[in-house]
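Results of the structural survey
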Amino acid sequence: MSLDQPLAPLPQEGMGFVTAWPVRAGDVDPYNRLRLDGVARYLQDIAWEHLHQSVLERSDPSWIIRRTVIDVVRPVLWPDHVHLRRWCSSMSTRWANMRVRITSDRGGLIETEGFWININESNNMPARISDAGLTYLAQTTTEQRLRWRPWLTDSTPPESDTDLPFPVRATDIDQFNHVNNTCYWQAVEQYLVDYPKLVSGPHRAVIEYVAPVLARQHISVRSRYEPGDRTAGRPTLRLWFVVDGITTTIVRVTPL
């Protein structure tokens, strides 16, 4: 799969981990749209639920996410109730693509995929998934030669007066002393306020985490917006999160 290809289809009927909950008022924008950071929290929450209700809790309990793809086909609007289905769509011995489909009672549809890496808790390095974990994940996929390949490879622009600081709050730090992956989407939403047409129709948002950001580090965000036309393609928003001159996270938002 590559940057502009459709996500993997649903598995066989009845397969995957399923859960549901109401959309919370704190997850939506002033127009009642479920924000991207809200979607990211939902993905984190279902991953946690899935882990602790499967063999993975005992066999492979530690994972980090390297890339998230969010395809908003039809937005979820509050008030509503969402239904989430999570399954493995491709895998290798150390990582897996985990798909989550989010549907809602009022017709919302959001398709997502996360590239998750199994981690050795003693050294925080990628580790082989246990035999039990591999068997469990393989229930919903036959693709077992997944390789990591970055999708967002544009060079980081030079520092400029348009760079914006992204203050890290104490509540943004997770149990690993890193900025939690969901918090970066708050900055994305801040930029989307200026480009509402990007999210007015179906759109794809991709984020890749290049390096972790620790508590008390200072993040600046560099951005480039291409309006697009008949010759230059679709409008695109690109963001680069930079710490001490090092790019830690890259984002791309474009219409589907």
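Residues numbered from 1 in each chain as written. Predicted model: local features only at pLDDT ≥ 70, side-chain atom pairs only at ≥ 80, totals over all residues. Heavy atoms only, no water.

An unreviewed UniProt entry annotates the chain as Acyl-ACP thioesterase originating from Nocardia jinanensis.

Note on aromatic pairs: each is described by the distance of the centres and the angle between the planes. This structure, assessed with the given rule, holds seven aromatic pairs. Their ring planes at 20° and their centres at 4.0 Å tell us that Tyr 195 and Tyr 225 sit as a pair that is stacked. Taken together, the residues Tyr 195 in the loop between helix H4 (184-192) and strand E8 (203-209) and Tyr 225 in strand E9 (residues 219-226) connect sequence positions 30 residues apart. Three or more aromatic residues joined by ring pairs make a cluster, and in this case those are Phe 166, Tyr 184, Tyr 209 and Phe 241. Here the basic side chain of Arg 67 rests over the ring of Trp 151, its NZ or CZ set 4.1 Å away from the ring centre. (Phe/Tyr/Trp six-rings, centres within 6.5 Å; stacked < 30°, edge-to-face > 60°. Helix = DSSP H or I, 4+ residues; strand = E, 2+ residues; numbered from the N terminus. Lys NZ or Arg CZ within 6 Å of the ring centre and 35° of its normal.)

On to the layout of surface pockets, then. Here the largest pocket is characterised by a volume of approximately 1100 Å³. Lining of the largest pocket is provided by 35 residues; of these, Trp 63, Ile 64, Ile 65, Trp 116 and Phe 176 occupy positions nearest its centre. Those elements that provide at least two residues to the lining of the largest pocket are helix H1 (36-52), strand E2 (63-74), strand E5 (109-120) and strand E6 (125-126). At five residues, H1 tops the list of elements feeding residues into the lining of the largest pocket. Its residues assigned to classes, the lining of the largest pocket comprises 23 nonpolar, seven polar and five charged. (1 Å grid on protein atoms, 1.4 Å probe; cavity = no way out; pocket = protein on both sides within 12 Å on 5 of 7 lines; lining within 4 Å. Points joined across faces, edges and corners; volume = space filled by probe spheres on them. Nonpolar A, V, L, I, M, F, W, Y, C, P; charged D, E, K, R; others polar.)

Time to look at the environment of Phe 166. Tracing the chain through its elements places Phe 166 in strand E7 (residues 164-166). Look at Phe 166 and you get buried, because its relative accessible area is 11%. For the pair Phe 166 and Gln 186, spaced 20 residues apart in the sequence, the C-alpha separation amounts to 9.5 Å. Setting aside residues up to four positions removed in sequence, Phe 166 forms contacts with Cys 183, Ala 187, Ile 219, Val 221 and Phe 241. (Buried < 20%, exposed > 50% of the residue type's maximum accessible area, 1.4 Å probe, protein only. Contact = heavy atoms within 4.5 Å.)

Moving on, we come to the pairing of E8. Among the seven residues that make up E8, seven are buried, leaving the element largely enclosed by the rest of the structure. Bridge count between E2 and E8: six bridges; the pairing is antiparallel. Note on E8: the bridge partner recorded for Arg 67 is Glu 208. Alignment of E8 against strand E11 (residues 246-255), held across seven bridges, turns out to be antiparallel. (Pairing = 2+ DSSP bridges.)

Next up on the list: the pattern of salt bridges. This structure, assessed with the given rule, holds 16 salt bridges. Across the pair Asp 154 and Arg 238 runs a salt bridge whose closest N-O atoms are separated by 2.5 Å. Here the residue Asp 154 occupies a position in the loop between helix H3 (131-137) and E7, and Arg 238 occupies one in strand E10 (residues 236-243), the gap between them amounting to 84 residues. Of the residues examined, Asp 154 reaches a relative accessible area of 40% and is grouped as partly exposed. In this structure, the salt-bridge partner of Arg 222 is Asp 163, at a minimum N-O distance of 2.9 Å. With Arg 222 in strand E9 and Asp 163 in the loop between H3 and E7, this residue pair connects regions lying 59 residues apart in the sequence. The buried category is assigned to Arg 222, whose relative accessible area is 11%. Within this structure, Asp 27, Arg 35, Asp 37 and Arg 41 form a network of salt bridges that share partners. (Salt bridge = Lys/Arg side-chain N within 4 Å of Asp/Glu carboxyl O.)

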